[in-house]
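Structural characterization, general
Residues per chain are reported as follows:
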Amino acid sequence: MEEKKDLIAVLQQIQQKAQDALHSVNSADDLERWKFTYLGRSSEVMQVFKEIPSMETALRPVLGQKANQVKTELEKRLELTHERIQQAALANNIKQQKLDVTLPGRQPERGRLHIATQTLQEIYRILAEMGFQVYRSREVESDEYNFELLNIPAYHPARDLWDTFYTKKEGVILRTHTSPGQIHAMHEYAPDPVRIVLPGMVYRYEQMDASHEIQFNQIELLAVGRNITFGDLRGTLEEFIRRMFGSGVETRLRPSYFPFTEPSAEMDMKCISCNGKGCGVCSGTGWLEILGCGMVHPTVLKNGGYDPEKFSGFAAGLGTERISMLRHGVDDIRNFWANDIRFLKQF
Ligand code: FA5
């Protein structure tokens, strides 16, 4: 009986000692060592199991039960401590990495359409509402289409109006304006009526300044049909400007000269940058020329395949970067193609 009491007390002491030791276990390594000491093959509790068979038969079940109880309890605590250590390691990790989950995320950089493309698209939208359809034409042109069929023969002084980039190939140039597209379109559609818009990049070998670039976009309008008048041209342009800039803007039409239109005119818009007072954008005049226009010259109609006795038409060519400048208060056209992201990001 004494033996039984002793062993039960010993088992209780073993349990107590193991539990006390567990309090100072703070790492996975400590826990491994603890497991080896208190639950390993040569641990005290396992020694008790080994001794049981040599005990009196009557004592064996009670001692066996107690020894199992102690072992199960220690295993349970081992598991709990394992979890505690894992949680602490995680918390420590988070603290060391200084992960602040409340910080807002970093915005990824987003691409956008170039300001010139945005303006072109806005112009297409307005002109589409007014019944004009986009017609694309080539940037590398022949002398014939860029000049001759537009009533500008070789050695004609009007060629000086457009300083040209020539290529090494005879008669092949970079188009100086979108007007050669008029001839391509007329050849395709004559004798049907047309109402089209010809957009795209044009190139000029000229002195650059705040309002002059060597490459810029133009948009050409062309309407050919029966009984088209200068009044139609003026009404179309004024309506376009009203839809683009609102009804408050001031425009003026000035007589001008283009070999491919007769009569010809240019339209200026009051400079929005200085409200007409005169600034760098408008070269101090208070007005910025935005387009050239006129009634399609009979020779050009003929070159396009229309009978000028029966058909008439109007045409206009707008500089779209000038339009963007006026809309957004950009004071130097050279910003458009300088590829400075600080400028481009603003639109
Ligand atoms: C022409 O290019 C004619 N083809 C326009 C035309 C079409 C007239 C149809 C009649 C009928 P001009 O060279 O003036 O014309 O240029 C037209 C517009 O392009 C100008 O009003 C201006 O807005 C713009 N522009 C001209 N040169 C430059 C330049 N170097 N940089 C930026 N924009 C320019």
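The structure contained in this document is the topic of the report that follows. (Residues numbered from 1 in each chain as written. Predicted model: local features only at pLDDT ≥ 70, side-chain atom pairs only at ≥ 80, totals over all residues. Heavy atoms only, no water.)

The next subject is the site of the ligand. By nearness alone, 27 residues border the ligand, and H177, S179, R204, E206 and E289 come closest of all. Contacts to the ligand include Q218, whose side-chain N or O atom sits 3.0 Å from an oxygen atom. Taking G319, its main chain carries an N or O atom lying 3.3 Å from an oxygen atom of the ligand. Within the complex, the protein chains bury 96% of what would otherwise be the 670 Å² of accessible surface of the ligand. When residues of the shell around the ligand are traced back to their parent elements, those giving at least two are β5 (215–225), β7 (261–270), β8 (287–296) and β9 (312–319). Sorting elements by how many residues they give to the shell around the ligand places β8 first, with 5 residues. (Near = heavy atom within 4 Å. Polar contact = N/O pair within 3.5 Å; in protein donor to acceptor, adjacent residues only side chain to side chain. Areas by Shrake-Rupley, 256 points an atom, 1.4 Å probe, with all protein chains shown as cover. Helix = DSSP H or I, 4+ residues; strand = E, 2+ residues; numbered from the N terminus.)

Once that is clear, we can look at helix α8 (residues 230–245). The end-to-end C-alpha separation of α8 is 22 Å, in line with the 22 Å expected for 16 residues at 1.5 Å each. For α8, the complete set of buried residues consists of L233, T236, L237, F240, I241, M244 and F245. Along the axis of α8, the buried positions cluster into a sector of 135°, meaning they face one direction only. Capping the start of α8, T229 holds a side-chain oxygen 3.2 Å from the backbone nitrogen of G231, two or three residues further along. G246 sits one or two residues past α8 and shows a positive phi near 95°. (Expected span 1.5 Å × (residues − 1). Buried < 20%, exposed > 50% of the residue type's maximum accessible area, 1.4 Å probe, protein only. Arc of directions from axis to C-beta.)

Ranked by size, the top nonpolar core spans 43 residues in total, and within it L127, I219, L237 and F240 carry the most contacts. Every element with two or more residues in this core is listed here: α5 (115–129), β5, α8, β7, β8, β9, α10 (320–328) and α11 (341–344). The residues touching L127, leaving out its near neighbours within four places in the chain, are F132, V197, I219, L221 and F240. Counting 25 residues, the second largest nonpolar core, distinct from the first, contains W162, I196, L301 and Y306. (Core = buried A, V, L, I, M, F, W, Y, C linked by side-chain atoms within 4.5 Å. Contact = heavy atoms within 4.5 Å.)

With respect to the element layout, R334 can be found in the loop between α10 and α11. Along the sequence, R334 and I183 sit 151 residues apart, while their C-alpha atoms lie 31 Å from each other. Other than its neighbours up to four places away in sequence, R334 contacts M208, D209, A210 and E213. Polar contacts involving the side chain of R334 include one to the side chain of D332, which spans 2.9 Å.

Relative to each other, α5 and α10 sit at 95°, their axes nearing to 9 Å. Viewed along their axes, α5 and α10 adopt a mutual orientation that is roughly perpendicular. For the pair α5 and α10, the contacting residues are I115, A116, T119, L120, E122 and I123 in the first and T320, E321, I323, S324, R327 and H328 in the second. Here the residues of the contact of α5 with α10 sort into 5 nonpolar, 4 polar and 3 charged. (Axes fitted to C-alpha atoms, helices over the stretch in contact; angles between N-to-C directions. Parallel < 35°, antiparallel > 145°, perpendicular 65-115°, else oblique. Nonpolar A, V, L, I, M, F, W, Y, C, P; charged D, E, K, R; others polar.)

Time to look at helix α4 (residues 60–97). Helical geometry: 3.6 residues make up each α-helical turn, so side chains three or four residues apart lie on a common side. The end-to-end C-alpha distance of α4 is 55 Å, a good match for the 56 Å that 38 residues give at a rise of 1.5 Å each. Turning to α4, its buried residues are L63, G64, K66, A67, V70, L74, L78, T81 and I85. Just past α4, the residue K98 takes up positive phi, approximately 45°.

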